[in-house]
Amino acid sequence: LAESFTGTLTYMSPERVAGEAYSYTSDIWSLGLCLIALADGRLPFPTADGYLAVVDAIQCQHTPLTLAPRTTEGDFAADGDAVSFWSTELLDFLSHCLDRDPKKRWLSEQLLEHPFLVKHRQRPLPESPPSKVTSTMMSSLREYAAKAADYYCLWSHDVPDMPEKKQVQALA
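The sections below set out a description of the structure shown in this document.

About the criteria used
Residues numbered from 1 in each chain as written. Predicted model: local features only at pLDDT ≥ 70, side-chain atom pairs only at ≥ 80, totals over all residues. Heavy atoms only, no water. Axes fitted to C-alpha atoms, helices over the stretch in contact; angles between N-to-C directions. Helix = DSSP H or I, 4+ residues; strand = E, 2+ residues; numbered from the N terminus. Contact = heavy atoms within 4.5 Å. Nonpolar A, V, L, I, M, F, W, Y, C, P; charged D, E, K, R; others polar. Phe/Tyr/Trp six-rings, centres within 6.5 Å; stacked < 30°, edge-to-face > 60°. Buried < 20%, exposed > 50% of the residue type's maximum accessible area, 1.4 Å probe, protein only. Lys NZ or Arg CZ within 6 Å of the ring centre and 35° of its normal. Arc of directions from axis to C-beta. Salt bridge = Lys/Arg side-chain N within 4 Å of Asp/Glu carboxyl O.

## Topic: the packing of helix H2 (residues 24–40) against helix H4 (residues 88–97)
Running from N to C, H2 and H4 point in directions that differ by 145°, and their axes come no closer than 8 Å. The segment H2 lies against H4, with Ile 28, Trp 29, Leu 31, Gly 32, Leu 35 and Ile 36 engaging Phe 93, Leu 94, His 96 and Cys 97. Of the residues in the contact of H2 with H4, the class split is eight nonpolar, two polar and no charged.

## Points about the packing of aromatic side chains
What describes a pair of aromatic rings is the distance from one ring centre to the other and the angle between the planes of the rings. Enumeration over the complete set of coordinates arrives at one aromatic pair. Here Phe 93 and Phe 116 contribute two aromatic rings whose centre-to-centre distance is 5.7 Å and whose plane-to-plane angle is 45°, an arrangement assigned as tilted. You can see Phe 93 sitting in helix H4 and its partner Phe 116 sitting in helix H6 (residues 115–120), a full 23 residues away along the chain. Among the residues examined, Phe 93 registers a relative accessible area of 1% and is labelled buried. Lying across the ring of Tyr 22, Arg 16 places its NZ or CZ 4.4 Å from the centre.

## So, helix H3 (residues 51–60)
Looking at H3, one finds that the buried residues are Val 54, Val 55, Ala 57 and Ile 58. In an axial view of H3, the angular spread of the buried residues amounts to 160°, which keeps them on one side of the axis. Within H3, the exposed residues directed more than 90 degrees away from the buried face are Leu 52 and Cys 60. Buried residues in H3 make contact with helix H1 (14–17).

## Here we look at the pattern of salt bridges
A complete count under the given rule lists two salt bridges for this structure. In this structure, Glu 15 and Arg 105 form a salt bridge, with 2.7 Å as the shortest nitrogen-oxygen distance. Placement of the pair is Glu 15 in helix H1 and Arg 105 in the loop between H4 and helix H5 (108–112), with a sequence separation of 90 residues. Note on accessibility: Glu 15 and Arg 105 belong to one class, buried.

## Considerations on the environment of Val 17
Among the structural elements, Val 17 can be located in helix H1. Of the residues examined, Val 17 reaches a relative accessible area of 14% and is grouped as buried. Separated by 39 residues in the primary sequence, Val 17 and Asp 56 have C-alpha atoms spaced 9.5 Å apart.

## Regarding the environment of Thr 47
With respect to the secondary-structure elements, Thr 47 resides in the loop between H2 and H3. What makes Thr 47 partly exposed here is its relative accessible area of 25%. In the structure, Thr 47 is positioned 10 residues away from Ala 57 in sequence and 9.6 Å away in space, judged by C-alpha atoms.

Right under this line is the structure:
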């Protein structure tokens, strides 16, 4: 179990925000929030009202705001206007990542066999962790990171200027 308090608040699990001991399942929570950010192009919890509002959202809100019901145009919907904006497979995958009880969150081995990932898996999974990290692997990782940063910066509504983008591009 870890007891440090490092990381990005908007991706921290409820137990980390509460200052409790945490383990790998906190990373699973963060994975779920990263997937939401990638799929939706915005941070999972609203940040406009400051630090305490983010803490409250993580601690008290049942699901991230970006998973709220949507209209067919993608706007947040009133109860009667909701449509299925997210695939059922993705919602189920996220539910296993974002269980508020860290003991109930799935482990990475379980998530790798989830129907959402199995359905979208294009090739066999590589050895993890790899026994040797090659320059080709590092080059590919830098390229993917730069593309992800470009995509995130292009679609982010909450963060107009992201210094992380410059840092990631410096790696490429």
